[in-house]
Amino acid sequence: MKAAEIREKFLSFFESKGHTRVRASSLVPGNDPTLLFVNSGMVQFKDVFLGTDKRAYTRATTAQKSLRAGGKHNDLENVGYTARHHTFFEMLGNFSFGDYFKRDALKFAWELLTEVYKLPKDKLWATVYAEDDEAYDIWHKEIGLPADRIVRIGDNKGKRYASDNFWQMADTGPCGPCSEIFYDHGPEVAGGPPGSPEADGDRYIEIWNNVFMQFDMQPDGSLIPLPKPCVDTGMGLERLAAVLQHVHSNYEIDLFQALIKAAARETGCADLENNSLKVIADHIRATAFLVADGVIPSNEGRGYVQRRIVRRAIRHGYKLGCRKPFFHKLVPDLVAQMGEAYPEIAEQQQRIMDTLAAEEARFFETLEHGMSILDGALAGGVKTLDGEVAFKLHDTYGFPLDLTADVGRERGFTVDEAGFNAAMARQQEASRAAGKFKMDRALDYSGAATTFHGYDKLVIEGAKITALYVG
Ligand code: ATP
Ligand code: MG
Ligand code: MG
Ligand code: MG
């Protein structure tokens, strides 16, 4: 079953259960400072859950383009390292706004998985929030899932709400306990069942999360009940496609194979298993969809996340031998795969290509020289890259710190981030003293116009990027 058919079956199943099919929203959340990018299907309904917005329907279903490259849900560092994480992915969802709750949600999910998609029941597992006896009983007594395939997952390292089975959109906002459905890809794949120490592997893959939205988390961590209990679910289309296409990695599904082949064509890499091809295939989706939604590479906020993703992709192409722009040439292949479901990328194909090509041209001017500086600094088996060098690469050669760290992860060195931050701070001071500081200039790679408050914050707390830059 191809990805397009899987998507359609999901949406029409929920339509047959009284849900209104709603269009995906932009990747850029409308007027929500708590969130950098739309990271899940519920985001466009946030105010409906909170009770401050009303719709003509109480049941909805969507296929939502989602991006996890900053903020609370950030999978950028997972890309290329797990079989199941992308930066950009499609989340299939059904939503109840004060209509049905746990029982119907779990029963719909089971019916769709086992009767429509016809997944073998004995390969499915479920987790429930540790104290949620109600969800446990629905799975066990009503649906008939054996007790040895239901796992209670609760508090995580003493932090009650950091648990995998308590879902939050961001640090504040709608949240609640959840029940996740896992698929067992079989003993030939490494990994253990949910809740076990080996759960991080790719054998038991989480395919669907059913969130029982009940609270509005406040900045101090307290929970205010929502006006009515709601349901928010999300299933990764690519993960479900892997199951239905009998492959264990998301990168082996039809859509990704087409993009990996395109990346191989443009980079001249003959080995289709090469990890860099997967990263490039992932990143062309994220960056093309971001351009379509108005995010162009820049040095601030969302635009800087975009720049970091584009440059990471270019660096992977460089690793495969590319010395001139190649990345933008994958856009027509992406449009061929996804342009029908998402007309915005077909309509804007040329603009997307031009935008990416311009960023590539800019980075290729300095990439090669920067890489030779990096190689020089690492000569003799250096294990910690000097912070001054990392800063120079950032400042003069346009290497975002996470790009340098990405190289480090491949080659086994770490970056002295404290030294990087100190070099950054020193340069700011020097610029101020020299009177170069201008209030109205955005950060550029001379760094002259920005007060920088620590790069690791920028990477980890992406949602706060704009707050970090005080011109
Ligand atoms: P994981 O534990 O695997 O990181 P998650 O618990 O963070 O997933 P949720 O926030 O529950 O994911 O999102 C709902 C669903 O979206 C997941 O069950 C999964 O199918 C899909 N999903 C989540 N993150 C990604 C990603 N980075 N790439 C592809 N699909 C994803
Ligand atoms: Mg995750
Ligand atoms: Mg999870
Ligand atoms: Mg989950």
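An unreviewed UniProt entry lists the chain under the name Alanine--tRNA ligase, with Piscinibacterium candidicorallinum as the source organism. Entered under Catalytic activity (unreviewed entry) in the UniProt record, the comment concerning the chain runs "tRNA(Ala) + L-alanine + ATP = L-alanyl-tRNA(Ala) + AMP + diphosphate". The Subcellular location (unreviewed entry) comment attached to the chain in UniProt states, word for word, "Cytoplasm".

Caption draft 1: Looking closely at the site of ligand 1. The environment of ligand 1 is made up of 17 residues, and the closest members are D75, H85, W167, E206 and N209. Measuring from an oxygen atom of ligand 1, one finds a side-chain N or O atom of N209 at 2.8 Å. For the shell around ligand 1, the secondary-structure elements that each account for two or more residues are β3 (88–96), β8 (204–217) and β9 (223–236). With four residues, the top contributor of residues to the shell around ligand 1 is β8.

Caption draft 2: Spotlight on the packing of aromatic side chains. Taken as a whole, this structure holds 22 aromatic pairs when the rule is applied. Seen from their ring centres, F45 and F95 are 4.9 Å apart, and the 50° between their planes marks the pair as tilted. Of the two residues, F45 is situated in the loop between β1 (20–21) and α2 (46–50) and F95 in strand β3; the sequence distance between them amounts to 50 residues. Across this residue pair, the class does not change: F45 and F95 are buried. Ring geometry for Y100 versus F108: centroids 5.1 Å apart, planes at 85°, classification edge-to-face. Through a chain of ring-to-ring contacts, the aromatic side chains of F10, F13, F14, Y100, F108 and W208 assemble into a single cluster. The ring of Y136 carries R152 above its face, with NZ or CZ at 4.5 Å from the centroid. The positively charged end of R323 is found above the aromatic ring belonging to Y318, 3.6 Å away from the centroid.

Caption draft 3: Here's a closer look at the pattern of salt bridges. The tally for this structure, following the rule as stated, stands at 38 salt bridges. Taking the shortest distance from any N to any O, the salt bridge between K9 and E5 comes out at 3.4 Å. With a gap of four residues between them, K9 and E5 both fall in helix α1 (residues 3–16), about one helical turn apart. Look at K9 and you get partly exposed, because its relative accessible area is 28%. Three or more residues joined by partner-sharing salt bridges are found here, namely E77, R308, R312, R315, K319, D402, D406, R409 and E410.

Quick notes on the rules
Note on numbering: residues in each chain are counted from 1, in written sequence order. All chains are assigned letters beginning with A, and all ligands numbers beginning with 1, in the order in which they are written. Where local features are concerned, this predicted model is filtered to residues with pLDDT of at least 70; where side-chain atom pairs are given and counted, the filter is 80 or more; whole-chain, interface and lining totals use all residues. Derived side-chain values reflect all non-hydrogen atoms in the structure, with water molecules and hydrogen atoms excluded from consideration. UniProt positions are given in the numbering used here, feature names are shortened, and annotations may be inferred rather than shown by experiment. Each residue is tested against the molecule or strand, and it is near if at least one of its non-hydrogen atoms lies within 4 Å. In protein, a polar contact means a hydrogen-donor-capable atom and an acceptor-capable atom, both N or O and within 3.5 Å, with residues adjacent in sequence counting only if both atoms are side-chain atoms; elsewhere, any N or O pair within 3.5 Å suffices. Strands are runs of DSSP state E lasting at least 2 residues, helices are runs of H or I lasting at least 4, and numbering of each runs from the N terminus. Stacked, tilted and edge-to-face are the three classes applied to pairs of Phe, Tyr and Trp rings, where Trp contributes its six-membered ring and a pair requires centres within 6.5 Å; stacked means planes under 30 degrees apart, edge-to-face means over 60, and tilted covers the rest. When accessible area is computed with a 1.4 Å probe and restricted to protein chains, residues below 20% of their type maximum are described as buried, those above 50% as exposed, and intermediate ones as partly exposed. In this analysis the charged atom, NZ for Lys or CZ for Arg, is taken to sit over a ring once it is within 6 Å of the ring centre and within 35 degrees of the ring normal. Salt bridge, as used here, is a side-chain nitrogen of Lys or Arg placed within 4 Å of a carboxyl oxygen of Asp or Glu.

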